[in-house]
Amino acid sequence: MRLIDWDSVSSLPLKSTVPSAGQPAPGPLRLDLAALTAEELQHLLGEAAAQRMMPEVSQARLEGRTVAGDLIPREQEYQPQVERSWGKTPELARQLSGLRGELAQLGGTDLGVYYLPLLAEVRHLRAYLFAPDTALALRWSDTPGSARAPAPFLLAATLLRDRASGTAAVLSSTSALPFVPTQSEEIDARLYQGAAPTSAGSGSAGTPQGNPAQSLPAQPVPAQLMPAQPLAAQALLEAHRLQVARHGRGVRLGLVAGNEYADWLRVFSTVRQVNLAAWTRRGLLIEEG
């Protein structure tokens, strides 16, 4: 099974919510595969695995049963890492070095590398803050034997100051990984792939349906002619900021020196809370006793 990406986090150090006296601690959460759409199931498991599992999922839906998927941590754990040369292969090291250099040139505040032990794959990230309102994560897998891990990708997030329109945040990524299950209707989630943003409706691989990760209308270049390399960091940030501006203004970050990581964490924590609420409303989560 592919990774379910719980892309936002709570505070550090992370502590579970303490239940009131006499109340049992909440059980762990799992994803209910029978509650996912066909598109979400395919993006989560891969086409072949999804087809093999469809008979079981279809039967469970008919009978009103659940099909338990991967565990979903109620709180994500981020473990700070000592700085070193990252990349388990020479090619990965080259990619990470190039992206880090580009992000530094763009003015990002490097907040260090963190390891996410509760995820199945893609457990490493380097956190960045970009003035005035963007938290960004460079995600990759440095775990030996993780053959299914995708290429390094970028995930940018901005909270909106005015939620009157019903949108709480803008989320942009160069990978479809964070968009399964589909993001909350309160999150404008957009997928950018190739050397330039693909045109809307071009059928970019990995874009879930429902409240999809939209692609920014741009040059009318057919998707099949797009280069396969990930979108450059500068192009992603420009597209992300343009989308934020369409909603208004983002919540300003990094106003207090030394508080940059707390600001970064607050952005992704809010995205997480909004998504968990949406997935609960959809009945996607199973609480184990």
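*Asks:* What is the right way to look at the pattern of salt bridges in this model?
*Replies:* Where charged atoms from two side chains of opposite charge come close, those side chains can pair. All chains considered together, the criterion is met by 11 salt bridges. In this structure, R126 engages D110 in a salt bridge whose closest nitrogen and oxygen atoms are separated by 3.1 Å. Residue R126 is located in strand β5 (residues 124-130), and its partner D110 is located in strand β4 (residues 109-115); the two are separated by 16 residues in the primary sequence. Residue classification places R126 among the buried residues on the basis of a relative accessible area of 4%. A relative accessible area of 32% places D110 in the partly exposed class.

*Asks:* Is there a simple way to think about the packing of aromatic side chains in this case?
*Replies:* Given two aromatic rings, their pairing is described by the distance between the two centres and the angle made by the two planes. Under the definition given, this model contains 7 aromatic pairs. Seen from their ring centres, Y114 and Y261 are 4.9 Å apart, and the 20 degrees between their planes marks the pair as stacked. Placement of the pair is Y114 in strand β4 and Y261 in helix α5 (residues 260-281), with a sequence separation of 147 residues. For Y114, a relative accessible area of 7% puts it in the buried group. Here Y261 falls in the buried class, since its relative accessible area comes to 16%. Following the ring pairs from residue to residue traces out a cluster consisting of Y78, Y114, Y261, W264 and F268. The side chain of R84 reaches across the aromatic face of W86, ending 3.9 Å from its centre.

*Asks:* Whenever I open this one, the environment of T182 confuses me. Can you help?
*Replies:* Among the structural elements, T182 can be located in the loop between β8 (169-173) and β9 (187-191). Given a relative accessible area of 6%, T182 falls into the buried group.

*Asks:* What am I meant to see in the side chain of S175 here?
*Replies:* Examined against the element boundaries, S175 turns out to sit in the loop between β8 and β9. For S175, a relative accessible area of 12% translates into the label buried. Within the local environment of S175, its side chain forms a polar contact with the backbone nitrogen of L177, the two atoms lying 3.1 Å apart. In this structure, S175 is in contact with F153 and L191, ignoring residues within four places of it in sequence.

*Asks:* Honestly, helix α2 (residues 47-63) in this entry has me stumped. Any pointers?
*Replies:* Two residues of an α-helix separated by three or four positions point the same way, owing to the 3.6 residues in each turn. Between the first and last C-alpha of α2 there are 24 Å, a value that for 17 residues agrees with the 24 Å anticipated at 1.5 Å per step. Its maximal kink placed at M53, α2 deviates by approximately 45 degrees, while the proline P55 follows within four residues. Burial in α2 covers these residues: A50, M53, V57 and A60. If you follow the buried residues of α2, they end up packed against α1 (38-45). Directly beyond the C-terminal end of α2, a positive phi value near 70 degrees is found at G64.

*Asks:* Would you mind going over unusual backbone geometry with me for this structure?
*Replies:* The residue after A131, namely P132, is reached through a cis peptide bond having omega 0 degrees. Take P132: it is sitting in the loop between β5 and β6 (134-140). Put simply, V180 and P181 share a cis peptide bond, and its omega is -5 degrees.

*Asks:* Explain the nonpolar core to me, please; I cannot follow it from the model alone.
*Replies:* Soluble globular proteins tend to bury their nonpolar side chains together. In this structure, Y78, L125, L171, Y261, W264 and F268 are the most contacted members of the largest nonpolar core, which totals 28 residues. Those elements that place two or more of their residues in this core are β4, β5, β6, β7 (153-159), β8, β9 and α5. Examining the composition of this core, we find that 7 residues originate from one element, α5, more than from any other. With 19 residues, the next largest nonpolar core counts L44, M53, V57 and V180 among its residues.

*Asks:* Mind showing me how you'd approach the packing of α1 against α2 here?
*Replies:* The angle between the axes and the distance between the axes are what describe a pair of packed helices. In contact at an axis separation of 7 Å, α1 and α2 are set at 130 degrees when each is read in the N-to-C sense. With respect to α2, the axis of α1 lies oblique. Where α1 crosses over α2, the handedness of that crossing is right-handed. Contacts between α1 and α2 involve L41, Q42 and L45 from the first element and E47, A49, A50, M53, M54 and V57 from the second. Its residues placed into classes, the contact of α1 with α2 shows 7 nonpolar, 1 polar and 1 charged.

Conventions and cut-offs
Residues numbered from 1 in each chain as written. Predicted model: local features only at pLDDT ≥ 70, side-chain atom pairs only at ≥ 80, totals over all residues. Heavy atoms only, no water. Salt bridge = Lys/Arg side-chain N within 4 Å of Asp/Glu carboxyl O. Helix = DSSP H or I, 4+ residues; strand = E, 2+ residues; numbered from the N terminus. Buried < 20%, exposed > 50% of the residue type's maximum accessible area, 1.4 Å probe, protein only. Phe/Tyr/Trp six-rings, centres within 6.5 Å; stacked < 30°, edge-to-face > 60°. Lys NZ or Arg CZ within 6 Å of the ring centre and 35° of its normal. Polar contact = N/O pair within 3.5 Å; in protein donor to acceptor, adjacent residues only side chain to side chain. Contact = heavy atoms within 4.5 Å. Expected span 1.5 Å × (residues − 1). Bend = angle between axes of the 7 residues up to and from the residue. Core = buried A, V, L, I, M, F, W, Y, C linked by side-chain atoms within 4.5 Å. Axes fitted to C-alpha atoms, helices over the stretch in contact; angles between N-to-C directions. Parallel < 35°, antiparallel > 145°, perpendicular 65-115°, else oblique. Left-handed = near helix turned anticlockwise from the far one by under 90°. Nonpolar A, V, L, I, M, F, W, Y, C, P; charged D, E, K, R; others polar.

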